[in-house]
Amino acid sequence: MEMNYDVLAPVHESAARDRALAALRRESPIEWDAQNDWWLLTRYADIRSVSRHPEIFSSEPKGPWHVFEHRFSMQAMDGKRHLRHRNIVSRAFTPRMVSMLSARAIRYADEAIDALEGRRSGEFVTDLAVPVPMRIIADMIGVADGDLERFREWSDAVVFMGGGHADPDQLARVGALVTELNEYVGEKVRERRETPQDDILSRIIEAADEGLLEDAPGFVDLDRRLSPDEVKDMALFLLIAGNETTRNGISQGMLALLQHPRERARLAADPSLWETASDEILRWTSPVRAMRRVALEDTTLSGQKIRAGESVVMVYASANRDETVFPDSQSFRVDRSPNEHLALGFGPHYCLGANLAKMEIRATLERVLARLPNLRIAAGCEPIFTPSALIDGVESMPVEW
Ligand code: HEM
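Here the structure is a predicted model, which means the values were calculated and not measured.

Parameters and conventions
- Residues numbered from 1 in each chain as written.
- Predicted model: local features only at pLDDT ≥ 70, side-chain atom pairs only at ≥ 80, totals over all residues.
- Heavy atoms only, no water.
- Pairing = 2+ DSSP bridges.
- Helix = DSSP H or I, 4+ residues; strand = E, 2+ residues; numbered from the N terminus.
- Contact = heavy atoms within 4.5 Å.
- Axes fitted to C-alpha atoms, helices over the stretch in contact; angles between N-to-C directions.
- Buried < 20%, exposed > 50% of the residue type's maximum accessible area, 1.4 Å probe, protein only.
- Near = heavy atom within 4 Å.
- Polar contact = N/O pair within 3.5 Å; in protein donor to acceptor, adjacent residues only side chain to side chain.
- Nonpolar A, V, L, I, M, F, W, Y, C, P; charged D, E, K, R; others polar.
- Phe/Tyr/Trp six-rings, centres within 6.5 Å; stacked < 30°, edge-to-face > 60°.
- Lys NZ or Arg CZ within 6 Å of the ring centre and 35° of its normal.
- Lys, Arg positive; Asp, Glu negative; His and termini not counted.
- Salt bridge = Lys/Arg side-chain N within 4 Å of Asp/Glu carboxyl O.

Chemist: Just to check I follow, could you spell out the sheet that holds strand β12 (residues 398-400) for this structure?
Modeler: Two pairing modes exist for strands in a sheet, parallel and antiparallel, and in both the strands are linked by backbone hydrogen bonds. Taken together, the three strands give an open sheet; going across it, the order is β4-β12-β9, and neighbouring strands pair in antiparallel fashion. Of all strands in the sheet, those with a lone pairing partner are β4 (121-123) and β9 (376-377), marking the two edges. Note: β9 against β12, two bridges, orientation antiparallel. Bridge pairing links Arg376 to Glu400 in β12.

Written out as structure tokens, the structure reads:
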């Protein structure tokens, strides 16, 4: 099909993009993208099917595309190696830990709003979308309060690295910050190993040290423990996977509510709608726009031959608007149910932070709707979007209230 619009273009032309994706779903759901040398998958059923078959469609490193796909992350592993890493982290995400973090998320959202006292305008991303995910990750890794400002700089550096910016001077400066972060997290791993605390990093170290996880779901026979460096990389991946994604979910979610004033009013009037609203925000905004897999063998997908070694890109942003799955798929409805969107992936790599992410989006936006009820885009301003093929992010969004 002749495409007159790059569906992975780093611009936020949402109407044009949605039209292009709808045309692909209808006319060419498995489309060879010659510019990038990969297949674009746009239908919900095909994306679910690929996600469900890691023995055919591998997650192993596929070359640099975004830091989310970084070599060290479980997201870029297959088979037993993947399961071993996943089991360790999932053992740390206990319901008690997530509920403890939930109480904190509400407090952090309130503190972010308190800090705006006396002001009538601000920048939504920095003031309101950054604090909750950043502080929750900081708590997970055990960052001391005194180190929070430095941690914010480092976590912004990681976000910048993933943003597709090209200025070499800036990249060098940001690269130095990421090295500092690596050293800091390495230090935290050493500290926690000696003196465990009530945080996720300590639980990860415990699980990693046990070596054999016989009671874990999907038990694998582990032949060795994880090294401190592997644990450090795991903690860094949590920062990559859980910070920018959730920040963008919050910013894009606010934007969706601003663009749909009736839905926003319903949610403000009836907070019980948050039971379904976070999922609709995720479906609507797909903060992780797409993910890649590589075919390990020749195979056929919905009648299309895919050869071993070829990449397929699962465009979640398209699956989430698939009209054969979601009635009235181009409408944003905070009470949508059922809502089995793919914004958090599907299958063995399904997002480990799914509940945490939904909780953080809700905590932040529920407090904003309650305490800054007339927040709006600042007069004469527009949001600026992240120049990335993979992440649908907002870099800045001037607001007033
Ligand atoms: C709105 C926020 C978020 C979005 C949209 C999101 C999206 C995703 C997606 C699409 C995947 C699947 C990747 C694949 O199949 O290749 C994934 C995996 C993952 N996510 Fe999230 N995520 C979010 C928040 C979080 C948070 C808060 C954490 C934890 C702190 C987290 C941790 C992970 C981990 C560890 C994986 C890898 C799982 C695996 O490979 O087995 N995510 N996420």
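Chemist: Where do I start with the sheet that holds strand β2 (residues 38-41) in this structure?
Modeler: Taken in spatial order, the five strands line up as β1-β2-β8-β5-β3 in an open sheet, and their pairing is mixed. The sheet terminates laterally at β1 (30-33) and β3 (57-58), the two strands that pair on one side only. Note that β2 and strand β8 (residues 311-315) share four bridges and pair parallel. The partner of Leu40 across the bridge, within β8, is Val313. Each of β1, β2, β3, β5 (290-295) and β8 is contacted by helix α2 (residues 44-52), which is oriented at about 125 degrees to β8, the strand it contacts most.

Chemist: Can you walk me through the pairing of β5 in this structure?
Modeler: Of all six residues in β5, six are buried, a share of seventy percent or more. In β5, alternate side chains face the same way, and those of Ala290, Arg292 and Val294 on one face and Met291, Arg293 and Ala295 on the other are all buried. Relative to β5, β3 runs antiparallel, the two being bridged by two bridges. Counterpart to Phe57 in the pairing with β5 is Ala295.

Chemist: I'm lost on the site of the ligand in this one. Help?
Modeler: Close contacts around the ligand come from 29 residues, with Gln75, His82, Arg86, His349 and Cys351 the closest. Separating an oxygen atom of the ligand from a side-chain N or O atom of Arg86 is a distance of 2.6 Å. The set of elements that each furnish at least two residues to the shell around the ligand consists of α3 (79-92), α6 (131-141), α10 (228-242), α11 (244-259), β5 and α15 (354-371). Among the elements that make up the shell around the ligand, the one with the highest residue count is α10 (three residues). Each residue belonging to the shell around the ligand can be placed in one class, and the counts come to 19 nonpolar, eight polar and two charged.

Chemist: Any chance you could explain the packing of aromatic side chains here in plain terms?
Modeler: Evaluation of the coordinates by the stated rule reveals four aromatic pairs. Between the aromatic rings of Trp32 and Trp39, the centroid separation amounts to 5.0 Å while the plane-to-plane angle is 65 degrees, which identifies the pairing as edge-to-face. Trp32 sits in the partly exposed class, given a relative accessible area of 34%. The buried category is assigned to Trp39, whose relative accessible area is 9%. An angle of 50 degrees between the planes, with centres 5.7 Å apart, marks the rings of Trp284 and Phe332 as tilted. Placement of the pair is Trp284 in helix α13 (residues 274-285) and Phe332 in the loop between α14 (316-319) and α15, with a sequence separation of 48 residues. Assessed through its relative accessible area of 16%, Trp284 is described here as buried. In this structure Phe332 comes out as buried when scored by relative accessible area, which is 4%. Across the ring face of Phe326, the terminal group of Arg283 is positioned such that the distance to the ring centre comes to 5.2 Å. We note Arg321 situated over the ring of Trp284; from NZ or CZ to the ring centre the distance is 3.7 Å.

Chemist: Whenever I open this one, the side chain of Asp33 confuses me. Can you help?
Modeler: Residue position: Asp33 is located in strand β1. One buried charged residue, Asp33, forms no salt bridge at all, with the nearest opposite charge on Arg292 at 10 Å.

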